[in-house]
Amino acid sequence: MAERGTLAEYRRRRDFSRTGEPRGDAAGAAADRPGFVVQIHDATTTHFDFRLEVDGVLKSWAVPKGPSSDPHDKRLAMPTEDHPLEYRDFEGVIAKGEYGAGAVIIWDEGTYRNLTEDRRHRPVPLAEALDGGHASFWLDGVKLHGGYSLTRLRGDRYGDREAWLLVKRGDSRASRAGAPDPRRARSARSGHTLGQVAAEGGPTWTRADGMSQDVPGGESASGHGPAGENQGRRASGGHGPGRHAPSGDGAS
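Every value quoted in this text rests on a predicted model; they were computed, and no experiment measured them.

Asks: Explain the nonpolar core residue by residue, including any values.
Replies: Membership of the largest hydrophobic core comes to 30 residues, with the highest contact counts inside it found for Phe 50, Leu 52, Phe 137, Leu 139 and Leu 150. Those residues in contact with Phe 137 that sit more than four places away from it in its chain are Phe 50, Leu 52, Tyr 112, Arg 113, Asn 114, Leu 115, Leu 126, Gly 146, Gly 147, Tyr 148, Leu 150 and Leu 166. Of all hydrophobic cores here, the second largest spans eight residues; its members include Phe 16, Tyr 87, Ile 94 and Val 104.

Structure below.
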């Protein structure tokens with residue numbers, strides 16, 4: 001299990017008296033298979049955040065163009081700080097003036113299987129694979145399915161910043177579909193767009209035990225009553241009836 005200290009950078013960047021994002025104090029709930037989440041974040045630039053559960057935290061990459069189902073698309077993925085497991089349940093608005101200010105939706109979520117092998121076809125733990133610069137995994141999400149790979153780029157093309165590529169593998173779940181327009185994309189949890197979440201105006205998230213977490217100010221995303229009061233549709237820990245919300249106008 002990763003040391004909880006891997007969240008030090010995450011916590012350093014945030015004022016939890018002003019943001020409804022989880023601190024990551026609670027231990028993550030055990031699961032038969034590790035999870036992943038893809039959030040769309042309307043910050044300084046609108047981008048997708050791709051997060052994989054690894055050793056008790058969410059390993060995270062900002063993917064400007066979003067994950068694609070087309071193996072020909074090589075998506076730049078810039079690593080960011082580790083996030084707590086509770087962050088897979090975060091959807092709402094990060095307050096103006098705070099780090100990453102802007103609306104966040106859970107575009108996709110699900111579980112994954114590690115597919116990484118060494119040259120002798122022996123399984124390689126995902127944390128070790130990421131340390132080595134290449135990891136392969138199978139996603140079983142609401143929207144993303146099939147094999148994907150993350151590969152660290154070498155050289156100084158992007159200066160001192162580490163950069164990766166996220167690529168769909170050529171399997172039966174490959175298609176010509178790219179990522180959706182982030183402005184029209186809808187949450188896999190609530191069915192809301194970024195604009196709708198921004199209009200609601202407050203951050204909410206649901207703990208793995210199903211209890212709603214109050215946000216600073218004691219209001220929900222709708223601005224009425226305690227946080228989570230109107231969040232019964234949200235799934236606990238990424239599981240339950242709220243997970244497969246319809247996409248509404250067809251935007252995925």
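Continuing now.
Asks: Can you lay out the pairing of strand E3 (residues 57–63) for me, pointing to particular residues and giving the numbers?
Replies: Each regular strand carries side chains that alternate between the two faces of the sheet. Most of E3 is tucked away, with six of its seven residues classed as buried. Pairing of strand E2 (residues 46–54) with E3, which is carried by seven bridges, proceeds in the antiparallel orientation. Bridging across to E3, Val 54 finds its partner in Val 57. Bridge count for E3 against strand E4 (residues 74–83) is four bridges, and the pairing is antiparallel.

Asks: Account for the layout of surface pockets, naming residues and giving values.
Replies: The volume enclosed by the largest pocket comes to roughly 390 Å³. Forming the walls of the largest pocket are 22 residues, and the residues nearest its centre are His 41, His 47, Asp 49, Ala 62 and Thr 80. Going through the elements one at a time, strand E1 (35–42), E2 and E4 are the ones with two or more residues in the lining of the largest pocket. With four residues, E4 is the largest single contributor of residues to the lining of the largest pocket.

Asks: Got a sec to walk through the environment of Leu 58? Specific residues and values, please.
Replies: Positionally, Leu 58 belongs in strand E3. Accessibility expressed as a relative area gives 1% for Leu 58, which makes it buried. Through-space distance from the C-alpha of Leu 58 to that of Tyr 87 is 8.0 Å; in sequence the pair is 29 residues apart. Among residues more than four places away in sequence, those in contact with Leu 58 are Arg 51, Leu 52, Glu 53, Asp 82, His 83, Pro 84, Leu 85, Tyr 87 and Arg 88.

Asks: Which residues make up the pairing of strand E8 (residues 145–152), and what values go with them?
Replies: Burial runs high along E8: six of the eight residues are buried. Between strand E7 (residues 134–141) and the antiparallel strand that follows it, E8, lie three residues. Both E8 and strand E9 (residues 164–168) contribute to a ladder of five bridges, which runs antiparallel. Looking at the pairing, Leu 150 lines up with Leu 166 of E9.

Asks: How would you sum up the side chain of Glu 109? Please name residues and give values.
Replies: Within the secondary structure layout, Glu 109 lies in strand E6 (residues 102–114). Only 2.7 Å separates the side chain of Glu 109 from the side chain of Arg 189, close enough to count as a polar contact.

Asks: So, the environment of Leu 166: which residues are in play, and what are the values?
Replies: Within the secondary structure, Leu 166 is located in strand E9. In this structure Leu 166 comes out as buried when scored by relative accessible area, which is 2%. For Leu 166 and Pro 67, which are 99 residues apart along the polypeptide, the C-alpha to C-alpha distance reads 7.1 Å. If near-sequence neighbours (up to four positions away) are discounted, Leu 166 is found in contact with Phe 50, Val 63, Pro 67, Asp 73, Lys 74, Arg 75, Ala 77, Phe 137, Tyr 148, Ser 149 and Leu 150.

Asks: Give me the lowdown on unusual backbone geometry, citing residues and values where you can.
Replies: Positive phi, close to 50°, is recorded for Asp 55, a residue that is not glycine. By the element assignment, Asp 55 lies in the loop between E2 and E3. Taking the relative accessible area as the measure of exposure, Asp 55 reaches 41% and is therefore partly exposed. Of note, His 121 is a non-glycine position whose phi angle comes to about 65°, a positive value. Counting through the fold element by element, His 121 comes out in the loop between E6 and helix H2 (126–132).

Rules used throughout
For every chain, the first residue of the written sequence is number 1, and numbering continues from 1 along that sequence. The predicted nature of this model means local features are confined to residues of pLDDT at least 70 and side-chain atom pairs, given and counted, to a pLDDT of 80 or more, with totals for whole chains, interfaces and linings taken over all residues. Each side-chain value is worked out from all heavy atoms of the structure, with water and hydrogens disregarded. Within this scheme, the nonpolar core is defined by two criteria: the residues are buried Ala, Val, Leu, Ile, Met, Phe, Trp, Tyr or Cys, and they are joined through side-chain atoms within 4.5 Å. For the exposure calls, accessible area comes from a 1.4 Å probe over protein chains only, and a residue counts as buried if that area is under 20% of its type's maximum, exposed if over 50%, partly exposed in between. Only heavy atoms matter for contacts: two residues are in contact if any of them lie within 4.5 Å across the pair. Only DSSP runs of H or I with at least four residues qualify as helices, and only runs of E with at least two residues qualify as strands; both kinds are numbered from the N terminus onward. At least two DSSP bridges between two strands are required for those strands to pair. Computed over the protein atoms alone on a 1 Å grid, cavities are sets of points where a 1.4 Å probe fits but cannot get out and pockets are open sets with protein on both sides within 12 Å along at least five of seven lines; a residue lines them when it has an atom within 4 Å of a point. Grid points are joined across faces, edges and corners, and a volume is the space filled by probe spheres set on the points. Polar contacts, as used here, are pairs of N or O atoms within 3.5 Å; protein pairs need one atom able to donate a hydrogen and one able to accept it. Residues neighboring in sequence count only if both atoms are side-chain atoms.

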